[in-house]
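# Report on the structure
Okay, here's what each chain looks like letter by letter:
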Amino acid sequence: MAFPVAFLFLSLVSLPLLAAAALGCDRPGRSAGPAPAPPSVAPAPAREEAAQAADGGATPAAADGDAAAAAAGAAPLRAGAPFVELPVEGFPSAVVSVPIGATARRPVLIASHGNYDRPEWQCQVWRDIVGDGVFVLCPRGVARPDSPSASDVRFTYESNARLEKEIDAGLAALRARFPEHVDPGAVIYTGFSLGAIMGSAIAARRAALFPRLVLVEGGHDKWTPATAKAFADGGGQRVLFVCAQAGCGGAAAAAAARLDKAGVPARVARSKEAGHRYDGPVAEETRRALDWLIDGDPRW
């Protein structure tokens, strides 16, 4: 039975961000920059049952519609809420934005958060960017011991190798939970700050699974000529850097040039100066650039 969704009303006041992006390293660290402003209303993921509607069951009319849809393809995906909690073997539960009502296989986007961040916030922002027709899988990572309080726990990732395993386990859990609705092919990887840094290393060795990337406020320093060539040789297709700070923009442009030279189209999208964040004007700039990233992929 689906539980009601409880909304967490979060302060928009800037919080200290313990970020690794400004340091260009692959381990959690501190940064003097402000925290990304979270969505004004962030979803609490609800446990869901795909066979039941949010009101506890389908009406006869809905059941008739489901039967007709099933004859043409998969039965409509049913969930009690747009954001669900997904148990992941060997790791903390992930948060997933689900394409409620989908009757065919839908692609997956991975959204990895930054240091001192939350997967719920990433899923909310990315659902707003890509819409409600795809899966957005947001790995949780590990809790930070210096979180503001027991009711406001923040998360980080231990290493890119550990995040890679968590993503693999999350994808396996997602495909097992929605076997008729999850597309089995390549996924888009997105990451903010620490998630971008670690994602660059992961994608360089897993380009077939992650051929298209969105790296927000981080990840540019990892693209050496060698890693750019490895990504290209492995099947890498496109990389979009999104920056809200001048320092990020310059470094991202240099990384994009190295990727272009290796044969991977790359682009830098600059929002107005907004600080180290991924929502607000940064999300708007990401949305505007998304058509370029997904061009040529018919699943999107």
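On a predicted model such as this, the values are computed, not experimentally measured, just so you know. (Residues numbered from 1 in each chain as written. Predicted model: local features only at pLDDT ≥ 70, side-chain atom pairs only at ≥ 80, totals over all residues. Heavy atoms only, no water.)

What follows concerns the pattern of salt bridges. Oppositely charged side chains may form a pair once their charged atoms are brought near each other. Inspection of the entire model under this criterion finds 16 salt bridges. Between Arg140 and Glu120 there is a salt bridge, and its shortest N-O distance comes to 3.2 Å. Here Arg140 is found in the loop between strand S6 (135–138) and strand S7 (142–143), whereas its partner Glu120 is found in helix H2 (residues 119–130), with 20 residues between them in sequence. Note that Arg299 is salt-bridged to Asp183, the shortest N-O span being 2.8 Å. In this pair, Arg299 sits in the segment after helix H7 (281–294) while Asp183 sits in the loop between helix H3 (160–177) and strand S9 (188–192), placing the two residues 116 residues apart along the sequence. It is possible to trace a salt-bridge network through shared partners that takes in Glu164, Asp168, Arg205 and Arg206. (Salt bridge = Lys/Arg side-chain N within 4 Å of Asp/Glu carboxyl O. Helix = DSSP H or I, 4+ residues; strand = E, 2+ residues; numbered from the N terminus.)

Moving on to the pairing of S9. Taking burial as the measure, the five residues of S9 include five buried ones, the bulk of the element. Taking every second residue as pointing to the same face, both faces of S9 are buried, with Ile188, Thr190 and Phe192 on one and Tyr189 and Gly191 on the other. Here four bridges tie strand S5 (residues 108–112) to S9, and the two strands are oriented parallel to one another. Its bridge partner lying in S9, Ala111 is registered against Thr190. As judged from the five bridges shared by S9 and strand S10 (residues 212–216), these two strands associate in the parallel manner. The residue bridging Thr190 from the neighbouring strand is Val214, located in S10. The handedness of the S9 to S10 crossover, carried by helix H4 (residues 194–205), is right-handed. (Buried < 20%, exposed > 50% of the residue type's maximum accessible area, 1.4 Å probe, protein only. Pairing = 2+ DSSP bridges. Right-handed = clockwise from strand over helix to strand, strands pointing away.)

Turning our eyes to something else, we now look at the state of the cysteines. All chains considered together, the criterion is met by two disulfides. One disulfide in the model links Cys123 with Cys138; its S-S distance is 2.1 Å. Disulfide Cys123-Cys138: the torsion about the S-S bond is 115°, which places it as right-handed. You can see Cys123 sitting in helix H2 and its partner Cys138 sitting in strand S6, a full 15 residues away along the chain. Between the sulfur atoms of Cys243 and its disulfide mate Cys248 the distance is 2.0 Å. Its S-S torsion of about -60° marks the bond between Cys243 and Cys248 as left-handed, since a negative value means left-handed. For the pair Cys243 and Cys248, a shared accessibility class is recorded, and that class is buried. With its bonded cysteines labelled in order along the sequence, the chain shows the pairing 1-2, 3-4. (Disulfide = S-S within 2.5 Å.)

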